[in-house]
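Here's the letter readout for the chains.
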Amino acid sequence: MSEHAVVVGGGIAGLATAVALRRRSWQVTVLERKPSVSEIGAGITLWPNALRALDALGLGERIRHLGLVQAAGGIRDSHGRWLTRTDTDALAARFGDGIVIVERGELLATLREACRDVRIRTSSEVRAVERDPAGRDSDAVVRLGDGESVRGDVVVGADGVWSAVRGSLWPRARVRSTGTVAARLIGHVSEPEDVRGGESWGRGDYAGIAPLADGRRYAYLAVPVSAGVPDDPGEALAWFRHRFASWHAPLPELLADIEPSQLLVNELVDLAPLPTLTRGRVALVGDAAHAMAPNLGQGACQALEDAVELASALAATDGDTAERLRAYERRRLRRVHRVARRSRSAGIAAGLRGRATTTARNVLAGAVPGALTLRAFDATLDWTPP
Ligand SMILES: Cc1cc2nc3c(=O)[nH]c(=O)nc-3n(C[C@H](O)[C@H](O)[C@H](O)COP(=O)(O)OP(=O)(O)OC[C@H]3O[C@@H](n4cnc5c(N)ncnc54)[C@H](O)[C@@H]3O)c2cc1C
């Protein structure tokens, strides 16, 4: 009889893990607390490492087809002057793919569709995980909010940054504020043929723009927590319109195009590095394992890598389940810590405030030769499926 995995969380990490395990003939149950499997209305950047992971899940071509390959990018100042450009052709030549941008909903729907023979239970909130409840270590048990318990040979915590699975077995884990609030939106622009994307740096504030395949733009706007974004959605939209009014096109135009309900505002947090990613028969993936600042656009990319690596480790024929999970941990731990650390540093650089420091930062960014910029991606993008 094939083994059974209980995956807690039906986001990108959870569904990718379900697909990866099904491809290795595991029985999979996904427990999702929301009434449906759904994603927020925003875009997501998928780098070549994520596309390789999607290839391993049999979904790479579909996502490349749905998304748009960003034709040009880099970092600008708030007036639109380029500080540094990413040569996307050179990036594609070096890493085998460009940068693909898709709507989150499309990515999730693609993963959902690939979850054939996976039991997805919605409105199923997990409260806790018990490792080795009867002292047998023969299975792991998750406890649902209504008291029901579900058993698996393996439990995968894919329940995001505020993970209940992690809370049960890693009680000392710490979620940290990055000191930044971000607003995300998708809107129309008057010049859809201008498909340049990338990040733009001001003083304390920064923004990112990414073109979607249908001509719209996904954008994010980040400001310090101390700037005091209003809680009310209408007031928050007016606040961001005012704050970014003098920024380069198409940011003011995008903000003018949307309704208050289309602006998603949340504080950016990350997870202090965990010492382990597994405990017995329980493993963590995605934001539950390594929520990171979004500045390298790697959170979901790493989650997709996790899914492929976890399924591959569990497919090994030697060792018991806990040993196979530890092999997953050995392959992932240093890598996810390094990418998270770099993401945090990138966020600090983007959010610098003082006039002198931002001027020095911009000059430095512009002085780095293109070849060096490209090589700096190696440590992040050079991942291949096992
Ligand atoms: C502003 C911003 C921009 C970003 N941009 C990018 C980008 O361009 N590229 C990129 O790769 N990454 C990006 N990221 C990171 C990316 O969004 C996350 O890393 C990714 O969504 C994590 O997916 P996940 O499935 O681990 O967690 P989540 O998306 O949080 O999913 C967790 C799921 O578990 C469910 N759940 C939670 N608790 C329970 C429970 N107790 N019981 C049952 N179900 C539960 C939730 O309802 C949810 O469906 C960005 C993040 C932010 C904040």
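Below, the structure is looked at part by part. These figures come from a predicted structure and were not determined experimentally.

The pairing of strand E3 (residues 43-46) with strand E7 (residues 100-103) spans 4 bridges and is classified as antiparallel. Residue pairing across strands places Leu46 opposite Val100, the latter belonging to E7. With 2 bridges connecting them, strand E4 (residues 68-69) and E7 associate as antiparallel partners. Paired with Leu68 across the strands is Ile101, a residue of E7.

If you walk across this open sheet you meet the 3 strands as E3-E7-E4, and the pairing is antiparallel. Taken across any chain shown, the strands that pair with only one partner, and hence form the sheet edges, are E3 and E4. Helix H5 (residues 104-113) contacts E3 and E7 of the sheet and is inclined by roughly 85° relative to E7.

To continue, consider the nonpolar core. Counting 81 residues, the largest nonpolar core has Leu46, Leu54, Leu57, Ile63, Leu107 and Val142 as its most contacted members. At 10 residues, helix H10 (residues 299-314) tops the list of elements feeding residues into this core. Those residues in contact with Leu107 that sit more than four places away from it in its chain are Ile12, Ile44, Leu46, Leu54, Ile63 and Val102. Among the nonpolar cores identified, the runner-up in size contains 21 residues, and Ile209, Ala219, Leu221 and Ala236 belong to it.

A word on the packing of H10 against helix H11 (residues 321-350). Following both chains from N to C, one finds H10 and H11 inclined at 155°, their axes separated by 8 Å at the closest point. Taken together, the axes of H10 and H11 lie roughly antiparallel to each other. When you trace H10 past H11, the crossing you get is right-handed. Between H10, through Gln302, Glu305, Asp306, Glu309, Leu310, Ala313 and Leu314, and H11, the contact on the second element is made entirely by Thr321, Arg324, Leu325, Ala327, Tyr328, Arg331, Arg332, Arg335, Val336 and Val339.

A complete count under the given rule lists 5 aromatic pairs for this structure. Ring centres 5.1 Å apart and planes at 80° place the aromatic pair Trp239 and Phe240 in the edge-to-face group. Connected via pairs of aromatic rings, a cluster forms that spans Trp239, Phe240, Phe244 and Trp247.

The next thing to look at is the site of the ligand. Taken together, 32 residues surround the ligand, and among them Ala13, Glu32, Arg104, Val126 and Asp287 come closest. Note that an oxygen atom of the ligand is positioned 3.2 Å from one of the backbone N or O atoms of Ile12. Contact between the ligand and Ala300: an oxygen atom at 2.9 Å from a main-chain N or O atom of the residue. Computed on the free molecule, the ligand has an accessible area of 1,000 Å², of which 88% lies beneath the protein chains in the complex. Among the secondary structure elements, those contributing two or more residues to the shell around the ligand are helix H1 (12-23), E3 and H10. Residue contributions to the shell around the ligand peak at 3 residues, all from H10. In the shell around the ligand, the residues fall into 13 nonpolar, 10 polar and 9 charged.

Criteria and thresholds
Residues numbered from 1 in each chain as written. Predicted model: local features only at pLDDT ≥ 70, side-chain atom pairs only at ≥ 80, totals over all residues. Heavy atoms only, no water. Pairing = 2+ DSSP bridges. Helix = DSSP H or I, 4+ residues; strand = E, 2+ residues; numbered from the N terminus. Contact = heavy atoms within 4.5 Å. Axes fitted to C-alpha atoms, helices over the stretch in contact; angles between N-to-C directions. Core = buried A, V, L, I, M, F, W, Y, C linked by side-chain atoms within 4.5 Å. Buried < 20%, exposed > 50% of the residue type's maximum accessible area, 1.4 Å probe, protein only. Parallel < 35°, antiparallel > 145°, perpendicular 65-115°, else oblique. Left-handed = near helix turned anticlockwise from the far one by under 90°. Phe/Tyr/Trp six-rings, centres within 6.5 Å; stacked < 30°, edge-to-face > 60°. Near = heavy atom within 4 Å. Polar contact = N/O pair within 3.5 Å; in protein donor to acceptor, adjacent residues only side chain to side chain. Areas by Shrake-Rupley, 256 points an atom, 1.4 Å probe, with all protein chains shown as cover. Nonpolar A, V, L, I, M, F, W, Y, C, P; charged D, E, K, R; others polar.

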